[in-house]
Amino acid sequence: MRPIEAELLSGSALYREVVLEKLLHARESVWMATANVKAMFVEHGGRFVPLVDVLDTLAARGVSLRLLHAELPSRPFRAAFDARSRLVEGGLSLKVCPRVHFKAVVVDGAWAYLGSANLTGAGLGAKGDSARNFELGFVTEDFDVIDRVTALYEAVWSGAECKACKLRGVCPDPILPAGKRAPEPRRSRAGTARLGKARRLQRGASRPSR
């Protein structure tokens with residue numbers, strides 16, 4: 001077992017570190033994976049705003065944003081997303097996979113959160129200590145951990161896991177069409193891998209939000 005340098009956090013400390021200290025200050029990219037997405041509120045500019053406001057601000061700065069999630073986001077999240085043309089037009093790329101249950105946030109490819117908290121108010125949002133979930137997670141800059149997290153993320157995002165998936169028949173929006181092979185990594189001008197094609201959710205075929 002290889003030792004790694006990491007910090008274990010819980011409760012509101014996760015919110016402060018993941019959202020306030022890292023996500024809000026991203027310079028290049030933010031990749032998020034979650035089983036559940038709700039219209040969580042966070043502190044920004046001296047007030048509490050929906051997370052999509054923060055994501056819109058990041059997109060305006062040129063930060064690349066990805067959201068990989070397991071089910072249709074809550075109606076308030078969808079409404080807030082639809083009201084921001086920059087996000088709708090590609091500022092925030094979304095893909096759904098019903099098998100996604102890992103929760104992760106990777107910022108600038110150099111820092112990662114892994115833990116139990118979803119992108120919800122009671123998870124990584126700004127809810128008070130007496131109302132939020134009991135959550136645990138760790139944050140790290142360990143390169144091997146980040147490489148393994150991004151490898152799994154890319155495998156799902158690109159559709160590499162779709163062909164052999166046993167849940168394909170109930171998947172609301174398969175990332176990879178039937179019979180197609182996952183694409184080879186493509187390199188952008190900046191040198192970062194860009195896999196797959198980000199698409200809007202096909203809402204009519206999805207499960208209702210919980």
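Looking at an unreviewed UniProt entry, one finds the chain named Phospholipase D active site motif domain protein and attributed to Pseudomyxococcus hansupus.

1. Topic: the overall build of the chain
From N to C terminus, the chain includes five helices and eleven strands. When burial is assessed residue by residue, the chain has 49% of its 210 residues classed as buried. In the chain, of all internal contacts separated by at least 6 residues, the share reaching a separation of at least 24 is 75%. On the chain, roughly 11400 Å² of surface is accessible, and the fraction owed to carbon and sulfur atoms is 52%.

2. Quick notes on the layout of surface pockets
Considered as a void within the structure, the second largest pocket measures approximately 250 Å³ in volume. What lines the second largest pocket is a set of 17 residues, among which Cys97, Arg99, Val156, Glu161 and Cys165 lie closest to the centre. Among the residues forming the lining of the second largest pocket, the class breakdown is 13 nonpolar, no polar and four charged.

3. Notes on the sheet that holds strand β2 (residues 29–34)
Judged by pairing direction, the sheet is mixed, and its seven strands sit side by side in the order β1-β9-β8-β7-β2-β5-β6 without closing on themselves. What marks the edges here is a single partner per strand, and that holds for β1 (6–10) and β6 (92–96). Strand-to-strand twist in this sheet, taken as the mean axis angle between neighbours without regard to direction, amounts to 15°. Bridging between β2 and strand β5 (residues 64–69) involves six bridges; their strand directions are parallel. Looking across to β5, one finds that Thr34 is bridged to His69. The sheet contacts of helix α5 (residues 143–158) involve β2, β5, β6, β7 (103–107), β8 (111–115) and β9 (136–140), and relative to β5 the element is tilted by about 70°.

4. With respect to the pairing of β8
In terms of burial, β8 is a largely internal element, four of the five residues being buried. Across five bridges, the pairing between β7 and β8 is antiparallel. If you follow Lys103 over to β8, its bridge partner there is Gly115. Where β7 hands over to β8, the hairpin turn is made up of three residues, of which Asp108 adopts a positive phi near 55°. Strand direction decides the pairing type here: β8 and β9, joined by four bridges, are antiparallel. Residue pairing in the sheet places Tyr113 in a bridge with Val139 of β9.

5. Description of α5
Taking 1.5 Å of rise per residue, 16 residues should cover 22 Å, and α5 covers 22 Å from first to last C-alpha, within 8% of that figure. The set of residues buried in α5 consists of Val145, Ile146, Val149, Thr150, Tyr153, Glu154, Ala155, Val156, Trp157 and Ser158. One side-chain oxygen at the N-terminal end of α5 lies 3.2 Å from the backbone nitrogen of Asp144; it belongs to Asp142. Looking one or two residues beyond α5, the residue adopting positive phi is Gly159, at roughly 90°.

What counts as what
- For every chain, the first residue of the written sequence is number 1, and numbering continues from 1 onward in sequence order.
- Note on the predicted model: pLDDT of at least 70 is required for a residue's local features to be given, and 80 or more for side-chain atom pairs to be given and counted; whole-chain, interface and lining totals, by contrast, use all residues.
- Note that the side-chain values use all heavy atoms of the structure and ignore hydrogens as well as water.
- Numbered from the N terminus, helices here are DSSP runs of H or I no shorter than four residues, and strands are runs of E no shorter than two.
- To sort residues, take the accessible area from a 1.4 Å probe on protein chains only and compare it with the maximum for the residue type: under 20% means buried, over 50% means exposed, and anything in between is partly exposed.
- Two residues qualify as a contact provided that any one of their heavy atoms is within 4.5 Å of a heavy atom in the partner residue.
- Per-residue and other accessible areas follow the Shrake-Rupley method at a 1.4 Å probe size, with only the shown protein chains counted as cover for residues.
- Only protein atoms enter the 1 Å grid used here, on which a cavity is any set of points holding a 1.4 Å probe that cannot leave and a pocket is any open set flanked by protein within 12 Å on both sides along at least five of seven lines; residues with an atom within 4 Å of a point are listed as lining.
- Grid points are joined across faces, edges and corners, and a volume is the space filled by probe spheres set on the points.
- Gly is placed with the polar residues, together with every amino acid not listed as nonpolar (Ala, Val, Leu, Ile, Met, Phe, Trp, Tyr, Cys and Pro) or charged (Asp, Glu, Lys and Arg).
- When DSSP finds two or more bridges between a pair of strands, those strands are recorded as paired.
- Helix axes are fitted to C-alpha atoms over the stretch in contact, other axes to C-alpha atoms as well, and angles between N-to-C directions run from 0 to 180 degrees.
- For a helix, the expected span equals 1.5 Å multiplied by the residue count minus one.
- Whenever two N or O atoms come within 3.5 Å, that pair is a polar contact, provided that in protein one can donate a hydrogen and the other can accept it, and provided that, for residues adjacent in sequence, both atoms are side-chain atoms.

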